[in-house]
Amino acid sequence: MMEKKYDIIFIGSGHANWHAAVALRQAGKTVAIIEEDTIAGTCTNYGCNAKILLDGPADVLHQVKAYKGVGIKGNVKIDWAELMAYKQKTITPIHHELEKMFNALGIDIIDGHGEFVNKHVMKVNEKEYYAENIVIGTGQRPAVLNIPGKEYLNTSRDFLDLPALPEHITFIGAGIVSLEFAALAHQAGAKVDVIEFADSALRGFYDKYTERVVESMKEQGIKFYFNEAVSEVARVSGDYEVTTKTGLRIVTNYVVDATGRIPNVEKLGLENAGVAYNRRGIEVNDHLQTTQANIFAAGDVIDKAIPRLTPTATFESNYIAKLLSGKTKAAIVYPPVASVVFTLPRIAQVGVTIQDAKKEPGKYTVKTIPHGQRLLFQTKNEEQAEVTVAFDSDRYLVGAAVYGDEAPELINFLTMIIAQKMTVADLEQAVFAFPSQTIGMLNFLEGSLKAG
Ligand SMILES: Cc1cc2nc3c(=O)[nH]c(=O)nc-3n(C[C@H](O)[C@H](O)[C@H](O)COP(=O)(O)OP(=O)(O)OC[C@H]3O[C@@H](n4cnc5c(N)ncnc54)[C@H](O)[C@@H]3O)c2cc1C
Ligand SMILES: NC(=O)c1ccc[n+]([C@@H]2O[C@H](COP(=O)([O-])OP(=O)(O)OC[C@H]3O[C@@H](n4cnc5c(N)ncnc54)[C@H](O)[C@@H]3O)[C@@H](O)[C@H]2O)c1
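Residues numbered from 1 in each chain as written. Chains lettered and ligands numbered in written order. Predicted model: local features only at pLDDT ≥ 70, side-chain atom pairs only at ≥ 80, totals over all residues.

If you check an unreviewed UniProt entry, the protein appears there as Glutathione reductase from Liquorilactobacillus uvarum DSM 19971. The UniProt entry for the protein carries this comment under Sequence similarities (unreviewed entry): "Belongs to the class-I pyridine nucleotide-disulfide oxidoreductase family." (UniProt positions renumbered as here; feature names shortened; annotations may be inferred.)

Written out as C-alpha cells, the structure is:
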C-alpha cells in the first residue's frame with residue numbers, strides 16, 4: 001500500500017542531503033528524509049564534529065609542549081572521561097535540534113532502512129512511499145578487515161565514544177582517520193602504534209609534509225610500522241595480539257581498524273531502480289544524475305575523484321537544491337576544495353597538488369615559504385611551519401600545501417586567493433591584521449603573484 005506521495009525523497013540525513021531537503025521544502029516542495037540511524041549523519045555524530053571536539057585539548061597540549069624549555073614548565077594532562085562527557089553533552093543535542101527544524105518546516109522523517117522498489121517508490125519497514133525525484137545520500141561506512149579476529153576490531157565510531165582511554169591503542173592503516181586519532185590518543189596519554197601495509201602515510205597529500213608529520217609523531221613517541229599487513233587479531237589474557245604477515249606481533253589493549261571507508265550501495269535495491277554503481281560508489285553525470293533520470297546522488301556515496309568531505313557533500317546538496325527547484329540547469333562545477341588532516345602538527349592542501357605541479361615545471365612555478373623559520377615570532381614556536389605554493393604561467397595561485405598547526409586557517413585563506421583568482425592589487429584592497437600568519441604569508445606571496 002502506498003503510504004504517501006512526495007516531490008522529493010532523500011535517502012540519508014547527512015550533509016549530502018539535509019541542506020537540499022531544507023531548501024526545497026522552503027521552496028514549497030513536499031519532502032521526506034529516510035534515515036536508519038542518527039539524524040544528521042556521520043560528520044555531526046561520528047565524524048568531524050565529534051573528532052574536533054576531542055582534538056581541542058590535545059591541540060592545546062601539543063602547543064604547550066612546543067614551549068617546553070622556552071617558557072612553559074610543568075605538566076598538564078587530559079582527563080579523558082571528563083572530555084568524553086563534554087563531547088556527549090555538546091554533540092548529542094545537535095541531531096535533536098536538526099530533527100526539530102525538519103519537523104517545524106514540515107519535512108517528514110521516515111525512520112528505517114530505505115530500499116528502492118522501482119525508480120519512483122521506496123520501501124521502508126514494509127511501507128511504500130512515492131516520489132517524483134529521489135536523492136541518494138547514503139554515505140560510507142568503515143571497511144572491516146576480513147581476518148581471523150575481526151570481531152575484536154573497533155571502528156572510528158567506537159573510538160569516538162570510548163568511555164575510558166585504553167593504555168595502549170593500535171591503529172591499522174596510516175590514513176587520515178588513523179593519524180588524526182593517533183595524534184589525539186597520544187596527547188591524551190595512550191601508548192600508540194600505527195601499522196600500515198604501504199610504505200608511507202596519508203597518500204595523496206604532499207609527501208614532504210606527510211613525511212614530516214610522521215617524523216614529528218615518531219619523535220613524540222608514536223610507533224609506526226610500514227610495509228606490514230595485519231593478518232590476525234587474537235585475544236590473549238585480557239589483551240589483544242595483532243599479528244602481521246611478516247610475523248610482527250604487538251600486544252595491545254585496543255585495536256582500531258581504519259583501513260578505509262566504503263560506499264553504502266548494498267541493500268538499497270539500486271537494481272530495481274536501474275541505478276548503476278560500482279565499488280567506488282554510485283555513478284553520476286555532471287548534473288549528479290544517476291543512470292536513472294529522476295534519481296540523483298550526493299556526498300560520500302558518489303563515485304568521485306574530489307575528496308569525500310563535508311564541504312563537498314554540502315556543495316553538492318546545495319547544487320541539487322538549485323537543480324530540483326529549477327534555479328539552474330547548468331552542470332556542477334566544483335571550486336577548489338581544501339583538505340585538512342587534523343594531526344598534530346596539521347597538514348592541508350588545495351587545488352593543483354604540489355606533486356603534480358613539480359612534474360610540469362614549464363606549466364607551474366613552485367615556491368616554498370618557510371614562515372616558521374623566517375617569522376618564528378608569528379608561530380607558536382613552530383620552526384618547521386611551512387607553505388608550498390604553485391603558480392600557473394599567468395602567475396595566478398593555483399595550488400598550495402601547508403605544514404603546521406595553523407594549516408586549517410591558512411589553507412582557507414589560500415583557497416580564497418585561488419578561487420577568486422586574486423592578484424596583488426586585489427589583496428591590497430584590504431589591510432590585514434598583524435601579527436598573524438596570514439599577513440606573513442602575504443609578504444612572501446606578493447613577489448610571485450600576478451601584480452594586477
Ligand atoms: C572519523 C571521521 C572524521 C571525519 N572528519 C572530517 C573532517 O574533519 N572534515 C571533513 O570535511 N570531513 C570529515 N569526515 C568525512 C565526512 O564525515 C563525510 O564526508 C560526510 O559526513 C559525508 O556526508 P554524507 O551525507 O555524504 O554521508 P553521511 O554523513 O555518512 O550520511 C549518510 C546517512 O545515510 C544513512 N543511510 C545509509 N543508508 C541508508 C538507507 N538505506 N536507508 C536509510 N538511511 C541510510 C546513514 O545512516 C547516514 O546517516 C570525517 C569522517 C569520519 C568517519
Ligand atoms: N580531516 C578530514 O577531512 C577527514 C578525517 C577523517 C576521515 N575523513 C574521510 O574518511 C576517509 C579516510 O578514511 P580512512 O583514514 O579510514 O581511509 P584512508 O583510505 O585514508 O586510509 C586507509 C589506510 O589504510 C591502509 N590499509 C588498508 N588495508 C590495510 C591493511 N590490511 N593493513 C594495514 N594497512 C592497511 C591503506 O594503505 C591506507 O593508508 C577520507 O577519504 C575522508 O573522506 C576525512
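Don't stop here, the text continues.
*Asks:* How should I be thinking about the nonpolar core in this particular structure?
*Replies:* It is characteristic of soluble globular proteins that their nonpolar side chains tend to be buried jointly. In this structure, Ala182, Val256, Ile347, Leu397, Ala400, Val402 and Ile411 are the most contacted members of the largest nonpolar core, which totals 76 residues. Examining the composition of this core, we find that 8 residues originate from one element, helix H6 (residues 176-187), more than from any other. Those residues in contact with Leu397 that lie beyond four places of it in its chain are Val389, Phe391, Leu414, Ile417, Ile418 and Leu449. Counting residues in each nonpolar core, the second largest holds 48 residues, with Ile33, Leu268, Leu270 and Leu288 among its members. (Core = buried A, V, L, I, M, F, W, Y, C linked by C-beta atoms within 7 Å. Buried ≥ 20, exposed ≤ 12 C-beta atoms within 10 Å, placed from the backbone. Helix = DSSP H or I, 4+ residues; strand = E, 2+ residues; numbered from the N terminus. Contact = placed C-beta atoms within 7 Å.)

*Asks:* Help me understand the packing of helix H3 (residues 48-66) against H6 in this model?
*Replies:* In helix packing, the relevant descriptors are the interaxial angle and the interaxial distance, both defined with respect to the helix axes. Direction vectors running N to C along H3 and H6 enclose 55 degrees, while the axes themselves pass 9 Å from each other. Judged on the interaxial angle alone, H6 and H3 are oblique. Every pair of crossing elements has a handedness; the one defined by H3 and H6 is left-handed. When H3 is examined against H6, the residues Lys51, Leu54, Asp55, Ala58, Leu61 and His62 are found in contact with a partner set consisting of Glu180, Ala183, Leu184 and Gln187. The residue inventory of the contact of H3 with H6, partitioned by class, reads 5 nonpolar, 2 polar and 3 charged. (Axes fitted to C-alpha atoms, helices over the stretch in contact; angles between N-to-C directions. Parallel < 35°, antiparallel > 145°, perpendicular 65-115°, else oblique. Left-handed = near helix turned anticlockwise from the far one by under 90°. Nonpolar A, V, L, I, M, F, W, Y, C, P; charged D, E, K, R; others polar.)

*Asks:* Would you mind going over the pairing of strand S12 (residues 239-244) with me for this structure?
*Replies:* For a regular strand, side-chain orientation follows a simple rule: the groups alternate between the two sheet faces. Pairing of strand S11 (residues 230-236) with S12 involves 6 bridges; the strand directions are antiparallel. By the bridge assignment for S12, Val236 is matched with Asp239. Between S11 and S12, which pair antiparallel and follow one another directly, the connecting turn spans 2 residues, one of which, Ser237, has a positive phi of 35 degrees. Here S12 runs beside strand S13 (residues 249-252); their pairing, made up of 4 bridges, is antiparallel. Among the inter-strand pairings, Tyr240 is bridged to a residue of S13, identified as Thr252. What sits between S12 and S13 in their antiparallel hairpin is a turn of 4 residues, with Gly247 showing a positive phi close to 100 degrees. (Pairing = 2+ DSSP bridges.)

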